[in-house]
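For reference, the chains in residue letters:
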Amino acid sequence: MDSDNNELNPEQIRRGLATRFIGQKIIYFPSVTSTMDAAKKEAQWGAEAGTVILAGEQTAGRGRLKRTWLSPEGGLAFSVILRPNFSYLPYMIMLASLAVAYGIRSLTGLKPQIKWPNDVLINYKKVCGILIENDIRKKDLKHTVIGIGINVNIQINQLPEIAPIATSISDQLGRQLSRAEVLRSVLVEMDRLYTELPQGEQLFNQWKSNLVTLGQQVQINMGDKIYTGLAEDVTEDGSLMLRQKDGYLVKIIAGEVMFK
Ligand code: BTN
């Protein structure tokens, strides 16, 4: 088992990886600005679908809504290049968040849940963030990059800036675990879920039933707008339906949810 201090070894990760295509090629950078940048370049140079860009360290990791993403030692930071049909694009957030939730669950027995749209939480604290960037030209999807940051072996109380809202797998389990095994487990789930894309509704239903957001009173920050109300439902395009106090139902397509 590796620990925080061991380098991730892409060859060793790939050797034990039971997937059809996801992770069959892993490109490892000991240090990189962001795996999103590296993946974008690789995709433009023609990298095959399923290629994984894995970082030892990110010096400029980024998150959703223009936030930065801290990549402390003991975490996992990687991006997966995919080339799905354009019509499958809305399902990518579902595929990615379910792959992480199922991957952690099957390896550890923990019970991660998804906070709309695609944060993965354990006991209401964020254990994983997901960022999806697409290259779309004239309704043609050239590629999509799914970036995943997982807090694996991190003592979150050492990081006061995120401690109130974040957790790690090791904090939840009370022991460290192999980052290589976490990565393999997530990639295996992603590979399996990818085969379910033609039955998009199935993927949607799984995502919906793993959402911790539904039925909760929430505040949603969307740019400079703030919405509050009951997170009532989600739609198959990945939007959240929010019932406001005035009774109106608002469709939210992106934003940051806070529980009230
Ligand atoms: C978020 O919660 O705002 C999304 C965070 C996504 C972080 C991952 S780490 C790997 C990949 N590279 C990045 O720069 N970001 C994503």
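Scope of this entry: the structure provided in the associated data block.

Procedures and definitions
Residues numbered from 1 in each chain as written. Predicted model: local features only at pLDDT ≥ 70, side-chain atom pairs only at ≥ 80, totals over all residues. Heavy atoms only, no water. Salt bridge = Lys/Arg side-chain N within 4 Å of Asp/Glu carboxyl O. Helix = DSSP H or I, 4+ residues; strand = E, 2+ residues; numbered from the N terminus. Buried < 20%, exposed > 50% of the residue type's maximum accessible area, 1.4 Å probe, protein only. Expected span 1.5 Å × (residues − 1). Polar contact = N/O pair within 3.5 Å; in protein donor to acceptor, adjacent residues only side chain to side chain. Axes fitted to C-alpha atoms, helices over the stretch in contact; angles between N-to-C directions. Parallel < 35°, antiparallel > 145°, perpendicular 65-115°, else oblique. Left-handed = near helix turned anticlockwise from the far one by under 90°. Contact = heavy atoms within 4.5 Å. Nonpolar A, V, L, I, M, F, W, Y, C, P; charged D, E, K, R; others polar.

## Considering the pattern of salt bridges
- Inspection of the entire model under this criterion finds 16 salt bridges.
- When the shortest N-O distance is used, the salt bridge between Asp37 and Arg62 registers 2.8 Å. With Asp37 in helix H2 (residues 35-44) and Arg62 in the loop between strand E2 (52-58) and strand E3 (76-82), this pair connects stretches of sequence that are 25 residues apart.
- Overall, the relative accessible area of 27% leaves Asp37 in the partly exposed class.

## Some details on helix H5 (residues 179-194)
- The end-to-end C-alpha separation of H5 is 22 Å, in line with the 22 Å expected for 16 residues at 1.5 Å each.
- When you tally the buried positions in H5, you get 13 out of 16 residues, the bulk of the element.
- Here H5 starts with a cap whose side-chain oxygen sits 3.2 Å from the backbone nitrogen of Ala180, and that cap is Ser178.

## Here we look at the packing of helix H3 (residues 92-108) against H5
- Two elements in contact, H3 and H5, have axes separated by 8 Å at closest approach and are oriented at 130°. Regarding the angle of H3 to H5, the classification is oblique. Crossing handedness for the pair H3 and H5: right-handed. Within the contact between the two elements, H3 uses Leu95, Leu98, Ala99, Val100, Tyr102, Gly103, Ser106 and Leu107 and H5 uses Glu181, Val182, Ser185, Val186, Glu189, Met190, Arg192, Leu193 and Tyr194.
- When grouped by side-chain class, the residues that make up the contact of H3 with H5 number 11 nonpolar, three polar and three charged.

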